[in-house]
Amino acid sequence: MAYIVDLQASWILDSRGLPTVNCIAVLDQNGKKISAKASVPSGASTGTYEALEMRDGDKDFHGKGVQKAINNINTIILEKVLNKEFTSALDVDNLILSLDTSGNKSQLGANAILAVSMAVHRAFAKMAGLELWQYLRRLYFSTLPATPRFPRLMCNVLNGGKHADNGISIQEFMIVPNSGNILKDVQIASEIYHSLKKILHASGKSTALGDEGGFASSFNDSTDGKNNENYFQDSSKIPTERVLDYLMDAIVQSGYSQINCELALDAAANEFFVPEKNIYIVDNQEFNQTTLTELYKKLVDNYPLISIEDGFSEDDILGWQVMTEMLGKKTHLIGDDLFVTNPERFEKVGLQNKIANGVLIKLNQIGSVSETCTMINKAKDHQYITVVSHRSGETTDDFMSDLAFAAQSEFIKLGAPARGERVAKYNRLLEIYHSLR
Ligand code: PGA
Ligand code: ZN
């Protein structure tokens, strides 16, 4: 049991240099005060059905200010929880969730609610003398086996779509190390990332970084000149395949093969879906539900591609059905914008239509820690795998690493092994690993 004696919200900058909500929660247990802080991420390719991220929309920060969300914490939420006694962070979550009856957190803001929820979970963990992952395990995942299991890494080393200005339709090209050891997996990710940089550089391509720390090189031009021939025999390849070839080269040049490192894509297909025509435009070519699934199948057949996220748009149930039918047995098909970490939507859209076989887990899509954990458990109950994920706009908060480990999530998606806000997540996994030895 502990009392909440203060909540202090303020804005800090995220990795895109935009404001986001930071919250400090202070607990009191028998006169002993414990405080903990948390900050929330922000997406660029957000799904329509996500909980509302409250932005001020006035002249400050080009409309991206978060003062309203901050005020909601410092006044409305604080007033309701101040000097109240709670048995757990889940109790606090339940009370705060009852204050917003909108259904999409548009009254208080998902960014406000989540910042408090994360900070309070950290504070309760600290009060119990536990690591955050231990506290989350105890509160939400107590039926999981006691043996620690680290998630496999999905590392976005080449950025396209909304996260880069390079004309590539697919949003994320990821390497997925497969050594069975988290320490070695992080090493593999780092080595391949640096090999890729060298290869891109040697091909005359830019090694500027996209939002998630992966390279944002252009593949619509022929800057790779004569080197091009070394990499591509088949000039008919569309940029998506050319990028995958670069990734394969980087794997090999690092001394690995597809045994040690596989690949994954996040198509983020909402962004290249043309609803008026019911078509998808990938790398300047038009696709329908069948032909796009065939493109994915070709990629799965030709590359060690184990996972495709948001291969179809969030409302295209037919597309998802065609893809699930053709690829669902051999490939992880992950719903991000499709499910938005929402257990009800997962039930209504996923289970009823029998589409996808995995759920992307983003804390700020649903807007509280407890609901996120409900989603993870529901996915597990129905044999869907989970991928705990960062957002393209991040802070150095590493809550998601504890969550992925606590929940024994099959995967964690955390960007490139570069830039402070991404590296924070990798390093927290390493810290947990070392703390267990
Ligand atoms: P976002 O992208 O954070 O910009 O939404 C990440 C993703 O689509 O998985
Ligand atoms: Zn996604």
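Refer to the structure printed above.
Description of the overall build of the protein chain
What the protein chain contains, in helices and strands, is 14 helices and 15 strands. What you see for the protein chain is a C-alpha radius of gyration of 22 Å, in line with the 22 Å of a compact globule of 437 residues. Along the first, second and third principal axes, the C-alpha set of the protein chain runs to 70 × 50 × 45 Å. Counting over 437 residues, the protein chain shows a buried share of 60%. When the accessible surface of the protein chain is summed, it comes to about 17,000 Å², and 49% of that surface belongs to carbon and sulfur atoms.

A short note on the environment of Ile199
Counting through the fold element by element, Ile199 comes out in helix 5 (residues 182-202). Residues Ile199 and Leu247 lie 48 residues apart in sequence; the distance between their C-alpha atoms is 9.5 Å.

Quick look at the environment of Ala406
Here Ala406 is to be found in helix 13 (residues 399-406). Its relative accessible area of 0% is what places Ala406 among the buried residues. For Ala406 and Ala268, which are 138 residues apart along the polypeptide, the C-alpha to C-alpha distance reads 27 Å. Sequence-distant contacts of Ala406, that is, excluding residues within four places in its chain, are made with Trp133, Leu136, Arg137, Phe141 and Leu144.

Observations regarding the site of ligand 1
Within the structure, ligand 1 sits among 15 residues, and Ala44, His163, Arg391, Ser392 and Lys413 are positioned closest to it. The contact in question runs from an oxygen atom of ligand 1 to an N or O atom on the side chain of Asp336, over 3.1 Å. Between ligand 1 and the protein, one listed contact pairs an oxygen atom with a side-chain N or O atom of Lys362 at 3.1 Å. Residue classes in the shell around ligand 1 are distributed as two nonpolar, five polar and eight charged.

Quick look at the sheet that holds strand 4 (residues 85-86)
An order of 3-2-1-4 is seen for the four strands of this open sheet, with the pairing classed as antiparallel. Both outer strands of the open sheet, strand 3 (32-39) and strand 4, are each paired with one neighbouring strand and no more. Of the strand pairs in this sheet, strand 2 (residues 19-29) and strand 3 are connected by eight bridges, and their pairing is antiparallel. Paired with Gln29 across the bridge in strand 3 is Lys32.

Describing the pattern of salt bridges
Throughout the structure, instances matching the rule amount to 24 salt bridges. A salt bridge links Asp211 to Arg16; the shortest N-O distance between them is 2.7 Å. Of the two residues, Asp211 sits in the loop between helix 5 and helix 6 (227-231) while Arg16 sits in the loop between strand 1 (2-13) and strand 2, which places them 195 residues apart along the sequence. Given the relative accessible area of 28%, Arg16 is considered partly exposed.

Quick word on the packing of aromatic side chains
Scanning the entire structure with this criterion turns up 14 aromatic pairs. A cation sits over an aromatic face here: Arg345 above Tyr49, 3.8 Å from the ring centre.

Details of a nonpolar patch on the surface
On the surface, a cluster of nonpolar side chains totalling about 290 Å² of accessible area is made up of Trp11, Leu13 and Phe61. On the secondary structure map, Phe61 appears in the loop between strand 3 and helix 1 (67-81). Overall, Phe61 belongs to the partly exposed group, its relative accessible area being 31%.

Topic: the coordination of the zinc ion (ligand 2)
When a metal holds four donors in a tetrahedron, each ideal angle between them is 109.5 degrees; when it holds six in an octahedron, the ideal angles are 90 or 180 degrees. In the first shell of the zinc ion (ligand 2), the protein supplies Asp266 (OD), Glu309 (OE) and Asp336 (OD), at 2.0 to 2.2 Å from the metal. In terms of primary sequence, the donors binding the zinc ion (ligand 2) are separated according to D-x42-E-x26-D. With Asp266 in strand 7 (residues 261-266) and Asp336 in the loop between strand 12 (332-335) and helix 10 (343-353), the pair connects residues that are 70 residues apart, well separated along the chain. Taking relative accessible area as the criterion, Asp266 reaches 1% and is therefore assigned buried.

Some remarks on the pairing of strand 2
A regular strand places its side chains so that they alternate between the two faces of the sheet. Burial analysis of strand 2 places nine of its 11 residues in the buried class, the great majority of the element. Sheet topology note: the strand 1/strand 2 ladder contains 10 bridges and is antiparallel. Each bridged residue has a counterpart across the sheet, and for Leu13 the counterpart in strand 2 is Pro19. The turn joining strand 1 and strand 2, which pair antiparallel and follow one another in sequence, is formed by five residues; a positive phi near 80° is taken by Gly17.

A few points about the nonpolar core
With 131 residues, the main nonpolar core has Leu7, Ile73 and Leu158 as its most contacted residues. Per-element tally for this core: the top contributor is helix 3 (residues 110-127), with 12 residues. Here this core spans two domains, and each of domain 1 (2-129) and domain 2 (152-435) adds at least three residues to it. Apart from the residues lying within four places of it in its own chain, the contact partners of Leu7 are Cys23, Ile24, Ala25, Ile73, Asn74, Ile77, Leu78, Val81 and Val116.

Considerations on the environment of Pro41
Here Pro41 shows up in the loop between strand 3 and helix 1. Placed 73 residues apart in sequence, Pro41 and Leu114 show a C-alpha to C-alpha distance of 9.8 Å.

Examining the pairing of strand 11 (residues 305-309)
For strand 11, a buried count of five out of five residues is recorded, marking the element as mostly surrounded by other parts of the structure. Pairing analysis gives four bridges linking strand 7 to strand 11, with the strands arranged parallel. When the bridges of strand 11 are listed, Ala264 appears paired with Ser307. Across three bridges, strand 11 lies against strand 12 in parallel orientation. Bridged to Ser307 within strand 12 is His332. For the segment spanning strand 11, helix 9 (residues 317-327) and strand 12, crossover handedness is right-handed.

About the thresholds
Sequence positions are assigned chain by chain, starting from 1 and proceeding in written order. Just so you know, chain letters begin at A and ligand numbers begin at 1, following the order they were written in. Totals for whole chains, interfaces and linings use every residue, but because this is a predicted model, local features are given only for residues with pLDDT of at least 70 and side-chain atom pairs only at 80 or more, for both listing and counting. Note that water and hydrogens are dropped before the side-chain values are worked out from all heavy atoms of the structure. Only DSSP runs of H or I with at least four residues qualify as helices, and only runs of E with at least two residues qualify as strands; both kinds are numbered from the N terminus onward. We compute the radius of gyration from the C-alpha atoms alone; for a globule the expected value is 2.2 Å times N to the 0.38, where N is the number of residues. Exposure categories follow from relative accessible area, calculated using a 1.4 Å probe and restricted to protein chains: below 20% of the type maximum is buried, above 50% is exposed, and the middle band is partly exposed. Each accessible area value is a Shrake-Rupley result obtained with a 1.4 Å probe; residue values ignore everything except the protein chains displayed when judging cover. Whether two residues are in contact is decided by their heavy atoms, any of which lying within 4.5 Å being enough. It suffices for a single heavy atom of a residue to lie within 4 Å of a molecule or strand for the residue to be listed as near it. Within 3.5 Å is the distance limit for a polar contact, defined as a pair of N or O atoms, with the added protein rule that one can donate a hydrogen and the other accept it, and that residues adjacent in sequence qualify only through two side-chain atoms. Gly counts as polar in this scheme, as do all residues outside two lists: the nonpolar Ala, Val, Leu, Ile, Met, Phe, Trp, Tyr, Cys and Pro, and the charged Asp, Glu, Lys and Arg. Note on pairing: two strands pair once DSSP finds at least 2 bridges between them. In what follows, salt bridge is the name for a side-chain nitrogen of Lys or Arg lying within 4 Å of a carboxyl oxygen of Asp or Glu. The pairing test for Phe, Tyr and Trp rings, Trp by its six-membered ring, is centres within 6.5 Å, and the orientation test on the planes gives stacked under 30 degrees, edge-to-face over 60, and tilted for anything in between. Either the NZ atom of lysine or the CZ atom of arginine qualifies as a charge over a ring when it sits within 6 Å of the ring centre and within 35 degrees of the ring normal. Exposure above 30% relative accessible area and the absence of a salt bridge qualify a residue for a patch, where like charges join within 9 Å and nonpolar side chains (Val, Leu, Ile, Met, Phe, Trp, Tyr) within 5 Å. Coordinating donors are taken as N, O and S atoms within 2.8 Å of the metal, stretched to 3.2 Å for Na, K and Ca; because water is absent from the atoms, sites can appear incomplete. The term nonpolar core refers to a set of buried residues drawn from Ala, Val, Leu, Ile, Met, Phe, Trp, Tyr and Cys, joined through side-chain atoms within 4.5 Å. The domain limits used here are those given by an automatic or database domain assignment. A crossover gets the label right-handed when its path from the first strand over the helix to the second runs clockwise, viewed with the strands pointing away from the viewer.

So yeah, pure geometry; function would need other evidence.
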